Amino acid sequence: YSIAANSSYIRDRIQRSWGRDSRVIYPPVNVEAIIAEDDWTRRLSDDELRILDFIPKEFVLGASRFVPYKRLDAAVRVGEILGLPVVLAGQGPDEARLRDFATASGIPVQFVTRPSTPLLYALFQRAQLYVFFAVEDFGIMPVEAMAAGTPVLANSLGGAGESVLTCRGGAVVRGLDSSSVLAAMGEISGVDGQALRGRTTMFSRERFGVEISDWLHEVMDGADG
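Residues numbered from 1 in each chain as written. Predicted model: local features only at pLDDT ≥ 70, side-chain atom pairs only at ≥ 80, totals over all residues. Heavy atoms only, no water.

Peer 1: Teacher, can you tell me more about the overall build of the protein chain here?
Peer 2: What the protein chain contains, in helices and strands, is 11 helices and 8 strands. Against the compact-globule benchmark of 17 Å for 225 residues, the protein chain has a radius of gyration of 18 Å, which places it among compact chains. A principal-axis box enclosing the C-alpha atoms of the protein chain has dimensions of 65 × 35 × 35 Å. Going through the 225 residues of the protein chain one by one, you find that 48% of them count as buried. Of all intrachain contacts in the protein chain linking residues separated by at least 6 positions in sequence, the fraction that spans at least 24 positions is 61%. Put simply, the protein chain shows about 10700 Å² of open surface, and 51% of that area lies on carbon and sulfur atoms. Separation of charge centres in the protein chain, based on 23 positive and 29 negative side chains, amounts to 3 Å. (Helix = DSSP H or I, 4+ residues; strand = E, 2+ residues; numbered from the N terminus. Rg over C-alpha atoms; globule rule 2.2 N^0.38 Å. Buried < 20%, exposed > 50% of the residue type's maximum accessible area, 1.4 Å probe, protein only. Contact = heavy atoms within 4.5 Å. Areas by Shrake-Rupley, 256 points an atom, 1.4 Å probe, with all protein chains shown as cover. Lys, Arg positive; Asp, Glu negative; His and termini not counted. Charge placed at Lys NZ, Arg CZ, Asp CG, Glu CD.)

Structure (structure tokens):
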């Protein structure tokens, strides 16, 4: 294979567009560092700990840049279906629209803007569920959430759902109707968070280094031949 793809979703697109096969090499995710800390609140400043004091004990988390295609409104929709508060973490130009959307929802929605990396990981650890409905080539943040032991509800379209299914770390849905979300929660309820953390090592930086090196050697050997 002289082409590498960062997910099977992209491999299929390459096949459709160019008629070429490719090797799937998942991107590196810093899962080792996330797994190494059992409680990310130990890494937080006093101000960040005060932020957590106002976070509900049970909540649905949406986190990414606040831009429309990231679909953070999906986390609010899931919270409405489940009757759970929602926390939206991030920053970006879509914040005003998201705040209006949250105000119009029937549930409490709390915003955590510009979270530090340790605070984001602490939110992952505390959330009952991380919702990621963007259509991405791969999707780093769902893997980070799973490395923190938190199950993920992802879009079945795109690379994020692929990582969730590969890790057996949650469920994927095509739409956000109540029946689909509730059925997915039946799958998610059986996820063992501690076991899930270990399964995310398949996306580690070390694994990526080995696979990309092997692929480059194969490509170079083929060129020499």
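That covers the picture; the talk isn't over yet.
Peer 1: Where do I start with the packing of aromatic side chains in this structure?
Peer 2: Here a ring pair, both rings aromatic, is described through the centre-centre distance and the interplanar angle of the planes. Summed over all chains, the structure comprises 8 aromatic pairs. With 4.9 Å between their ring centres and 70° between their planes, W40 and Y121 make a pair best called edge-to-face. Placement of the pair is W40 in the loop between α2 (31-36) and α3 (46-53) and Y121 in helix α6 (residues 117-126), with a sequence separation of 81 residues. Of the two residues examined, W40 and Y121, each falls in the buried class. Members of the aromatic cluster, joined through ring pairs, are W40, Y121, F124, Y130 and F132. Sitting over the ring of W40, R43 keeps its end group 4.8 Å from the ring centre. Sitting over the face of the ring of F111, R99 holds its NZ or CZ atom 4.2 Å from the ring centroid. (Phe/Tyr/Trp six-rings, centres within 6.5 Å; stacked < 30°, edge-to-face > 60°. Lys NZ or Arg CZ within 6 Å of the ring centre and 35° of its normal.)

Peer 1: Sorry, what's going on with the sheet that holds strand β6 (residues 129-132) here?
Peer 2: The strands making up a sheet are joined through hydrogen bonds of the backbone, oriented either antiparallel or parallel. The strand order across the open sheet formed by 6 strands is β5-β4-β3-β6-β7-β8, and the pairing between neighbours is parallel. What marks the edges here is a single partner per strand, and that holds for β5 (109-113) and β8 (170-173). The mean inter-strand angle of the sheet, taken between neighbouring strand axes irrespective of direction, is 20°. By the bridge criterion, 2 bridges tie strand β3 (residues 60-63) to β6 in an arrangement that is parallel. Bridging across to β6, L61 finds its partner in Y130. Against the sheet, helix α4 (residues 73-82) engages β3, β4 (86-90), β5, β6 and β7 (152-155), with an angle of about 175° to β3. (Pairing = 2+ DSSP bridges. Axes fitted to C-alpha atoms, helices over the stretch in contact; angles between N-to-C directions.)

Peer 1: Just checking my understanding: could you explain the pairing of β5 for this structure?
Peer 2: If a strand is regular, its side chains alternate between the two faces of the sheet. In terms of strand pairing, β4 meets β5 through 5 bridges, oriented parallel. Note on β5: the bridge partner recorded for L88 is F111. Since β4 and β5 lie parallel, the crossover through helix α5 (residues 95-104) that links them has a hand, and here it is right-handed. (Right-handed = clockwise from strand over helix to strand, strands pointing away.)

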